[in-house]
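Single-letter residue listing:
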Amino acid sequence: MNTQTLAMLATMGLGTGVAMCAPAKIVTPESVAQGVVTRMTPRAKGLVTFKIKKDLADKIEIEGTGKGIAIYASDVRRLVSGYGWYLKNVANVHFSWNGNRLHLPEQLPQPESKLTIESPWKMTFAYNYCTLSYTAPFWDWKRWQREIDFLALSGFSHALVTAGLEKVWQEFLIKQKYPKDKIFKFIPNPAFAAWWNMGNLEGYGGPLSQQQIDYFAKLGKHIVARMTQLGMTPVLQGYVGFIPADFKDSTKINDLNVVPQGKWCGFVRPAVVDPTCPAFEKLAQDWYQSIEKVYGIKGKMFGGDLFHEGGSKGNINVSDAATAVQEQMMKAAPDSTWVLQAWHGNPSVELLKGVKKENTLVLNLTKNLSDRAISIRDFADIPCLWCELANFGGNTGMYGGLPLLSKLGTYMEKHKSKNVIGLGTLSEGLEINPLHYAMFTDRFWTTENFDMDAWLEKYAKQRYGVAPAEVLTALKILANTVYNPVRQQEGCTESIICGRPDWSIRKASTWASGERYFELQDVTKAAQSYLKAAQANPELCKLETFRYDLVDVVRQVLADAAYYQLQEVKAAFDNGKESAYKQEVSKFLELIKDLDAILSTDTQFLLGTWQARALAVGKSSNDKKLMSIASKRLITTWIDKAPANLNDYSNRQWAGLVADFYLPRWEKFFATQLLVLNKSKSADEAKKSFLEQTAKAELAFAEDSKVYPTKLNGNTLKVATQIWNKQKALLKKLCASQTAGGQKWDLKQGTTLSFDVTDNIDKAGTYTATIQWKSGANAVKIQSVKLFEGDKEVASDVHEGRSGQTNSQNVYTLKLDKYRTNLDAYTLKVEASGDGGNNSQGEMIFEKVK
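Residues numbered from 1 in each chain as written. Predicted model: local features only at pLDDT ≥ 70, side-chain atom pairs only at ≥ 80, totals over all residues. Heavy atoms only, no water.

It is not clear to me how the overall build of the protein chain should be interpreted in this structure. Could you clarify?
Across its full length, the protein chain holds 26 helices and 26 strands. Rg of the C-alpha trace for the protein chain: 29 Å, near the compact-globule value of 29 Å for 850 residues, within the 12% margin. Overall, the protein chain is about 95 × 70 × 55 Å in size when its C-alpha atoms are taken along their principal axes. Classification of the 850 residues of the protein chain by burial places 61% in the buried group. Across the protein chain, contacts joining residues at least 24 apart in sequence account for 75% of those joining residues at least 6 apart. Here the protein chain has roughly 32,200 Å² of accessible surface; of this, 50% comes from carbon and sulfur atoms. The average position of the 103 basic charges and that of the 89 acidic charges among the side chains of the protein chain differ by 4 Å. (Helix = DSSP H or I, 4+ residues; strand = E, 2+ residues; numbered from the N terminus. Rg over C-alpha atoms; globule rule 2.2 N^0.38 Å. Buried < 20%, exposed > 50% of the residue type's maximum accessible area, 1.4 Å probe, protein only. Contact = heavy atoms within 4.5 Å. Areas by Shrake-Rupley, 256 points an atom, 1.4 Å probe, with all protein chains shown as cover. Lys, Arg positive; Asp, Glu negative; His and termini not counted. Charge placed at Lys NZ, Arg CZ, Asp CG, Glu CD.)

What should I look at first to understand empty space enclosed by the protein in this one?
In this approach, a probe sized like a water molecule rolls over the atoms, and the result shows the empty space that is left. Within the structure shown, the criterion is met by ten cavities of 30 Å³ or more. Of the volumes computed, that of the largest cavity is approximately 180 Å³. Elements supplying a minimum of two residues to the lining of the largest cavity: helix 4 (129-134), helix 6 (165-175), helix 8 (193-197) and helix 9 (210-229). A volume near 140 Å³ is recorded for the second largest cavity. Secondary-structure elements contributing two or more residues to the lining of the second largest cavity are helix 5 (141-154), helix 16 (434-442) and helix 17 (452-464). Here the lining of the second largest cavity takes five residues from helix 16, the largest share from any one element. Across the lining of the second largest cavity, the residue classes break down as ten nonpolar, seven polar and two charged. (1 Å grid on protein atoms, 1.4 Å probe; cavity = no way out; pocket = protein on both sides within 12 Å on 5 of 7 lines; lining within 4 Å. Points joined across faces, edges and corners; volume = space filled by probe spheres on them. Nonpolar A, V, L, I, M, F, W, Y, C, P; charged D, E, K, R; others polar.)

Before we go on, may I ask you to explain the packing of aromatic side chains in this structure?
Two aromatic rings, taken as a pair, are described by how far apart their centres are and by the angle between their planes. Summed over the entire model, instances satisfying the criterion amount to 58 aromatic pairs. When the centroid spacing of 6.0 Å and the interplanar angle of 25° are considered together, the rings of Tyr178 and Phe247 count as stacked. Taken together, the positions of Tyr178 in the loop between helix 6 and helix 7 (180-186) and Phe247 in helix 10 (residues 247-250) put the pair 69 residues apart, joining distant regions of the chain. By relative accessible area, which is 4% here, Tyr178 ends up buried. (Phe/Tyr/Trp six-rings, centres within 6.5 Å; stacked < 30°, edge-to-face > 60°.)

What's the story with the sheet that holds strand 19 (residues 752-756) in this structure? I'm lost.
Here we have five strands laid out as an open sheet, ordered 19-25-21-22-23, and antiparallel in their pairing. Two strands in the sheet have a free side with no partner beyond their single neighbour: strand 19 and strand 23 (807-808). (Pairing = 2+ DSSP bridges.)

Looking at this structure, I do not really get unusual backbone geometry. What am I missing?
Excluding glycine, most residues fall at negative phi; most peptide bonds, likewise, are trans. Here Gly206 and Pro207 are connected by a cis peptide whose omega angle stands at 5°. Looking at the element boundaries, Pro207 is found in the loop between helix 8 and helix 9. Note the cis peptide between Ala642 and Pro643, where omega equals 0°. Although it is not a glycine, Lys679 sits at a positive phi angle of roughly 65°.

Explain the packing of helix 20 (residues 544-575) against helix 24 (residues 657-677) to me, please; I cannot follow it from the model alone.
Angle between the axes and distance between the axes: these two values describe a pair of packed helices. Remark: helix 20 packs on helix 24, axes separated minimally by 11 Å, with the N-to-C direction vectors making an angle of 20°. In terms of axis orientation, helix 20 runs roughly parallel to helix 24. Of the two possible hands of crossing, helix 20 and helix 24 adopt the one that is right-handed. In contact with Leu566, Val569, Ala572 and Phe573 of helix 20, helix 24 contributes Trp666, Phe670, Gln673, Val676 and Leu677. For the contact of helix 20 with helix 24, a count of residues per class yields eight nonpolar, one polar and no charged. (Axes fitted to C-alpha atoms, helices over the stretch in contact; angles between N-to-C directions. Parallel < 35°, antiparallel > 145°, perpendicular 65-115°, else oblique. Left-handed = near helix turned anticlockwise from the far one by under 90°.)

So what exactly am I meant to see when it comes to helix 20 here?
An α-helix turns once every 3.6 residues. As a result, residues three or four positions apart point the same way. Compared with an ideal rise of 1.5 Å per residue, which puts 32 residues at 46 Å, helix 20 spans 47 Å between its outermost C-alpha atoms and is within 8% of the ideal. Considering bend angle alone, the principal kink of helix 20 is centred on Ala562 and spans about 30°. Looking one or two residues beyond helix 20, the residue adopting positive phi is Gly576, at roughly 75°. (Expected span 1.5 Å × (residues − 1). Bend = angle between axes of the 7 residues up to and from the residue.)

Sorry, what's going on with the nonpolar core here?
Nonpolar side chains in soluble globular proteins tend to be buried together. Membership of the largest hydrophobic core comes to 264 residues, with the highest contact counts inside it found for Tyr83, Trp195, Trp386, Trp638 and Phe670. Sorting elements by how many residues they give to this core places helix 20 first, with 16 residues. Excluding its chain neighbours within four sequence positions, the residues that come into contact with Trp638 are Tyr134, Phe192, Trp195, Leu201, Tyr204, Trp264, Phe267, Arg633, Leu646 and Tyr649. (Core = buried A, V, L, I, M, F, W, Y, C linked by side-chain atoms within 4.5 Å.)

I would appreciate a short explanation of the pairing of strand 7 (residues 233-237) in the present structure.
Remember that side chains alternate between the two faces of the sheet whenever the strand is regular. In terms of burial, strand 7 is largely enclosed, as five of its five residues are buried. The pairing of strand 6 (residues 158-160) with strand 7 spans three bridges and is classified as parallel. Residue pairing for strand 7: Ala159 is matched across the bridge by Pro234. Bridge count between strand 7 and strand 13 (residues 301-303): three bridges; the pairing is parallel. When the bridges of strand 13 are listed, Leu236 appears paired with Phe302.

So what exactly am I meant to see when it comes to the layout of surface pockets here?
Taken as a whole, the second largest pocket encloses approximately 590 Å³ of empty space. Going through the elements one at a time, helix 5, helix 20 and helix 22 (607-617) are the ones with two or more residues in the lining of the second largest pocket.

Honestly, the pairing of strand 21 (residues 780-789) in this entry has me stumped. Any pointers?
Taking burial as the measure, the ten residues of strand 21 include seven buried ones, the bulk of the element. Sheet analysis places strand 21 next to strand 22 (residues 792-803), joined by nine bridges and oriented antiparallel. Each residue of the ladder has a partner; that of Leu787, found in strand 22, is Ala795. Between the end of strand 21 and the start of strand 22, which pair antiparallel, lie two residues, with Gly790 showing a positive phi angle near 65°. As defined by bridge partners, strand 21 adjoins strand 25 (residues 826-834) across nine bridges and the pair is classed as antiparallel. Looking at the pairing, Leu787 lines up with Leu828 of strand 25.

By themselves, these observations are geometric and do not establish any function.
Have a look at this one:
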């Protein structure tokens, strides 16, 4: 970047983060890098020397100077990323989305000799559209400044920017003489703007005031300028033909070929103008002029996906449309690149045929983080990035792919022919799972495999300053269990606490996984180890990094334990004993209350933190009201209807949300089921009553004016210890029952499943057989369950049942009238089949109920 450009940025007040009226001054790449040092590691100010050396090309040099260090690179981006590499690998400190440990000594740690490093990747990318609504919709400039510094230190080269598009759309639609009142109705709340930018909805959560539209325009301009200043490339929104659904009827533009796009999850989608029609060229020109007016740059890279998750191409020739879109893009910004997201069949083969390969980039979103050879689509030699997609909806839950990432270099070797030029993190939620993202960003610097144990020890020393044996034990357990999924799934295995209650619940949201590929005892042992480390060395709890991780692992245990405790509640319910039922219900509800208590001790787990950021975006009382509603609706019902498929998609385990939203739902559920148990209501009546009450309460939560606290409640170690002492007996019991489990089955061994239940039957009575899927790509369909005494059938239950991500009538009741007429064994035979294949494994749980 030349000094002229940097001087321009300084006049905007972005060279040092001061006001827009700051006097102009010459800013060099070296001084820009020094700004990061000052903001992120103030103790190192004056100890780090930066120098541009153009002949280094992609290489970075780092050497000690006695008390400080010197870094040499060909541009500012490499200077800053070189400093980030030094911080992690020589100074052994840590920065992340979940806390930093950046305290440096007066004399900086010295490398043993001059180091030369180089990234093997041409590009490293941050964010998809969803990230910016599920993670960052309410971030202010202070938070964004820290984020951009973090990205630069981590080595990111490109990042998607959508803040400010509200103003772009306003400017663009005014040019088209679209009615001003309708413009306000078209622009959504930032919590839902991701799906507006992808052509899925319009106007939801709005309207924004003019003050808010102008605020986001200024914020977006700041973000773009700072990224540019640091040598990163902001990816802006290109024009692919989106217009308001009523655009044609509300304007007088000739030669428009408008294709309605129908609905997405109940929302009316923006329409699409055929890019090959005569009117498109002028629309595109107006769009890119509006982009430049708002952001102050023409742009180098542009996102924009046609027909995202549905829509209709109508009479559009997709190949010709792609050509037309890119022609106008490159006319506005010569040699620019169109960035496409590979998701749900997009980009289509038709679309790829119409683009210029050298000016197109595909982001290959990858949700399969299991430890197996990675899969990358063939994009016809178009450059692409392998992008992890570990988080959906910003859900709170441990998840990632450490074994996969540790071998990523080896796996990527097999895809050299597919023109993979870099990596990207496109998770929808980023302020979670620091262990996963630390390894992922380490991948920016090498294609060599990591030794897992050595890497975990290094990680602990960076994040905590020390690597106690107990912490290493915990990290190794987590890396090989919860961070090692067995197959593809959409994010973490959700806690049932966060879902709408039901006896058969296995997950919280529609598209998530209910597969429990790790054991409760695994995360329990990890949490115990973290607690032991904290109790042995209380100084650790002064670190925000350790406190976060202690809260997170205790949270994971309580959240997972709820599923197994629900089985205990159901057993008591089936036995018809009210006192036992109430006792087991109380234990379940205590898990939720304790979950809220531990979450209350860390800022990142507070609903109040999220809500406060939303409220800060509004100035008027009405603005604040709408921002608060949007902030809570996104993470609860999503849509303003219940029940609906999007409900609980963005569930979070946050203090306040757990106590005021999830806990009351479960209390209401158990109360209505008690009426069934004592025969005051039928099961159908109770279910109908519960769902009606719950739907109203869910929608009312977002509308409630309660402002949640941002102040912490309790000492993390003290609260965690109290909870552990209180819950350890229950956890021990649940871990033991899970280990004991039922009898295993695998449909690959046949569709008639046979189990010896002789030891489970000791007298006549009523027994239940629960056929529970646990793993595999296919759900199991059950036709019948029959009990045999020797060769004689003595009981049966014939009905259609199913078990998979969700369960349906998978409990079979067998009434044994007479116990053992001879010495023959009791055998249970289950007739079952796989739904679409026989890759289905699980367990059969046989219990006496009466």
